[in-house]
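# Chain and residue survey
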Amino acid sequence: MSRDADLWAGVDRLVARSPRSADLRYHGLDSIAAAATPRPARPDMTTRAARRTAAATSLIAPLVLQRVLAAVDQRVLLMKGPEVAAHYPDPLGRRYRDLDLLVPDAAAAWESLVDAGFEPTGDPALYVGIHHLRPLLAPGLPLMVEIHHEPKWLDGRTPPTGELLETAVPSATGIPGLWTLERTRHAVAVAVHAWAHTPLGHLGRLLDVAALAQGLERSLLQQVARSWGVERLWTTTQHAIDSLFHDARRPLAGRVWARHLWSARERTVLERHLQNWLAPFAAAPAPDAARATGTWLLTQLTPAPGETRADQLRRATVAARDAFKRVSEHDAGVDRSQP
Amino acid sequence: MSGELRLRRDDLAWRAVEDELIAIDVRDSSYLSANDSGLLLWRTLAEGTTREGLVAALTERFDVDPATAGADVDAFLADLRERGLLDEAVSAD
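Residues numbered from 1 in each chain as written. Chains lettered and ligands numbered in written order. Predicted model: local features only at pLDDT ≥ 70, side-chain atom pairs only at ≥ 80, totals over all residues. Heavy atoms only, no water.

For chain B, the count of helices and strands is three helices and five strands. The order of α-helices and β-strands along chain B, N terminus first, is β-β-β-β-α-α-α-β. A compact globule built from 93 residues would reach a C-alpha radius of gyration of about 12 Å, and chain B, at 13 Å, matches this within 12%. Across the 93 residues that make up chain B, the buried fraction comes to 40%. Treating the 10 positive side-chain charges of chain B as one cloud and the 21 negative ones as another, the clouds have centres 5 Å apart. (Helix = DSSP H or I, 4+ residues; strand = E, 2+ residues; numbered from the N terminus. Rg over C-alpha atoms; globule rule 2.2 N^0.38 Å. Buried < 20%, exposed > 50% of the residue type's maximum accessible area, 1.4 Å probe, protein only. Lys, Arg positive; Asp, Glu negative; His and termini not counted. Charge placed at Lys NZ, Arg CZ, Asp CG, Glu CD.)

Put into structure tokens, the structure is as follows:
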């Protein structure tokens, strides 16, 4: 497996730049920070704890996956998590909390696992109509399994699930009988997944894309993105990766609404608002982006369901006051003020 | 009589994280950890050894006298026996 030494040297430089362990954890880089060179000098328990957790998870994952394969009579594709970790120089640098499995018939696979002793967990209402079914736990092994009928994708767009299933390849984890997404497609799918959560939100997710794309022809990645209608999103992601990890010129997004990535810190309230305004223009043609931004703007200018006009104005005032605070600090303050 | 000692081979998953041991006994889903000296003993047991071999490993690697190392090894082995993690074979010299 080819590894891009420049990529991982760039990651080490970025990790060293982060002054707070909490920011590293926010970006999903706490486990990789423990092994970074140069190692951050500050004393902290966070990165070592993350690494121990990653180690324990790495022991549990194969056990869970073997039980899944024994119970499910379908092709099972592992997405993200340990599959991406296999492309890190040290797999413990990539922590994960669940196993995302794509299968042709999710409902049947889910039932098979329950029959085999897996236990559903979490509020069922949260998993109605989304890309995966209610998570499952194997008894005694605390690592959730999420059975997907499709990958997480952009709102209103259809993911290429059939293509992903048809082009599956053996998993890089080495577990017999386990499959995964073909790597070029996996890299682009992870980029779309990350964007669907939060556009250019977290360094760890961008690193996942970069790790999967190591050694692959850029033209092939571009071709896949184009065939899926996400070429603009992919180009924005690629430019961010080139700048963050390979010291290329910082793109416009990194100078306006995704500045937090280059500082390896959490996003501020203002940056979150700018992201909502401007990110659609970095991922879609202007008319579609304008429509998305307009929809979001409308939600900001009108009271939310159950909210009075006074509540909405109060919310906006607090957000303006907290413009330069980390989002988590702002949200904690809002929670404390709730009756 | 000498006894060969070895870690149980079935249903036991483990790995080293820098200088620490992380292990799972799959039979009862219990989690174990050990510091650097415990990791050394664990690794030596994974390959198969004797009590004397374990004592020697500790004294060679750490600044500890044989008597102390012997006591530490005995305590470690007792813990492993209690958890059912050892395979032990006794052979005539």
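Here the narrative resumes.
Before going further, it helps to spend a moment on the environment of Leu136(A). Residues and elements named next belong to chain A. As for its placement among the helices and strands, Leu136 is situated in strand 4 (residues 136–138). Through-space distance from the C-alpha of Leu136 to that of Thr167 is 26 Å; in sequence the pair is 31 residues apart. Residues within four places of Leu136 in sequence aside, it is in contact with Trp110, Leu113, Val114, Phe118, Glu119, Pro120, Thr121, Leu143, Met144 and Val145. (Contact = heavy atoms within 4.5 Å.)

To continue, consider the packing of helix 8 (residues 183–197) of chain A against helix 11 (residues 231–246) of chain A. Residue and element names in this part refer to chain A. Running from N to C, helix 8 and helix 11 cross one another at 90 degrees; their axes reach a closest spacing of 10 Å. Between helix 8 and helix 11, the angle falls in the class roughly perpendicular. Contact with helix 8, carried on its side by Ala187, Val188, Ala191, Val192 and Trp195, involves Leu233, Trp234, Thr236 and Thr237 of helix 11 and no other residues of that element. Here the contact of helix 8 with helix 11 is composed, by residue class, of seven nonpolar, two polar and no charged. (Axes fitted to C-alpha atoms, helices over the stretch in contact; angles between N-to-C directions. Parallel < 35°, antiparallel > 145°, perpendicular 65-115°, else oblique. Nonpolar A, V, L, I, M, F, W, Y, C, P; charged D, E, K, R; others polar.)

What follows covers the packing of aromatic side chains. To describe a pair of aromatic rings, one takes the distance between the centres and the angle between the planes. Residue and element names in this part refer to chain A. This model, assessed by the stated rule, comprises five aromatic pairs over all chains. A centroid spacing of 5.5 Å and a plane angle of 70 degrees characterise the contact between Trp153 and Trp228, whose relative ring orientation is edge-to-face. Highlighted residues: Trp153 in the loop between strand 5 (141–148) and helix 7 (161–166) and Trp228 in the loop between helix 10 (218–227) and helix 11, separated in sequence by 75 residues. In this pair, the class of Trp153 matches that of Trp228, namely buried. Here the aromatic rings of Trp195 and Trp257 are separated by 6.2 Å at their centres, their planes lie at 85 degrees, and the arrangement is edge-to-face. In this pair, Trp195 is assigned in helix 8 and Trp257 in the loop between helix 12 (252–256) and helix 13 (259–262), connecting sequence segments 62 residues apart. Of the residues examined, Trp195 reaches a relative accessible area of 8% and is grouped as buried. (Phe/Tyr/Trp six-rings, centres within 6.5 Å; stacked < 30°, edge-to-face > 60°.)

So, about the nonpolar core. One finds Val188(A), Trp195(A), Leu200(A), Leu207(A), Leu244(A) and Phe245(A) to be the most contacted residues of the largest nonpolar core, which totals 56 residues. A per-element tally of this core places helix 9 (residues 203–213) of chain A first, with eight residues. In this structure Leu207(A) touches Leu7(A), Trp8(A), Val11(A), Leu29(A), Ile32(A), Tyr88(A) and Phe245(A), once residues within four positions along its chain are discounted. If you look at the next biggest cluster of nonpolar residues, it comprises 36 residues, including Leu92(A), Ala109(A), Ile175(A) and Ile24(B). (Core = buried A, V, L, I, M, F, W, Y, C linked by side-chain atoms within 4.5 Å.)

All right, on to the interface of chain B and chain A then. Residue-level contacts link 13 residues of chain B with 15 residues of chain A. Taken over both partners, the interface formed by chain B and chain A buries close to 1,200 Å², and the fraction arising from carbon and sulfur atoms is 62%. Among the residues of chain B in contact with chain A, Arg15(B), Glu18(B) and Tyr31(B) are the three that bury the most area, contributing 37% of the side total. Linking chain B with chain A are two salt bridges. In this structure, the salt-bridge partner of Glu20(B) is Arg52(A), at a minimum N-O distance of 2.7 Å. Listed by contribution, the elements that provide at least two residues to the side of chain B that touches chain A are strand 2 (12–17) and strand 3 (20–25) of chain B. (Buried area = accessible area lost by both parts, 1.4 Å probe. Salt bridge = Lys/Arg side-chain N within 4 Å of Asp/Glu carboxyl O.)

Residue and element names in this part refer to chain B. Strands sit in the order 2-3-4 across an open sheet of three strands; the sheet is antiparallel. Each end of this open sheet is capped by a strand with a single partner; those strands are strand 2 and strand 4 (30–34). Going across the sheet, the axis of each strand differs from the next one's by a mean of 15 degrees, ignoring polarity. Sheet topology places strand 2 next to strand 3; six bridges connect them, and they run antiparallel. Within strand 3, the position partnered with Trp14 by the bridge is Ala23. Against the sheet, helix 1 (residues 36–47) touches strand 2, strand 3 and strand 4, its axis set at about 135 degrees to strand 2. (Pairing = 2+ DSSP bridges.)

In this section: unusual backbone geometry. You will see that Asp247(A), though not glycine, has its phi angle at about 60 degrees, which is positive. Given the relative accessible area of 53%, Asp247(A) is considered exposed. Positive phi, normally seen in glycine, also occurs at Ser29(B), with a value near 55 degrees.

All names here are of chain A. Among the five residues that make up strand 2 (residues 98–102), five are buried, leaving the element largely enclosed by the rest of the structure. Of the two faces of strand 2, both are covered, the one formed by Asp98, Asp100 and Leu102 as well as the one formed by Leu99 and Leu101. In this structure, strand 1 (residues 77–79) lies alongside strand 2, joined through three bridges in antiparallel fashion. Following the sheet pairing, Met79 is matched in strand 2 by Asp100. In terms of strand pairing, strand 2 meets strand 5 through five bridges, oriented parallel. Pairing of Leu101 across the sheet is with Ile147, part of strand 5.

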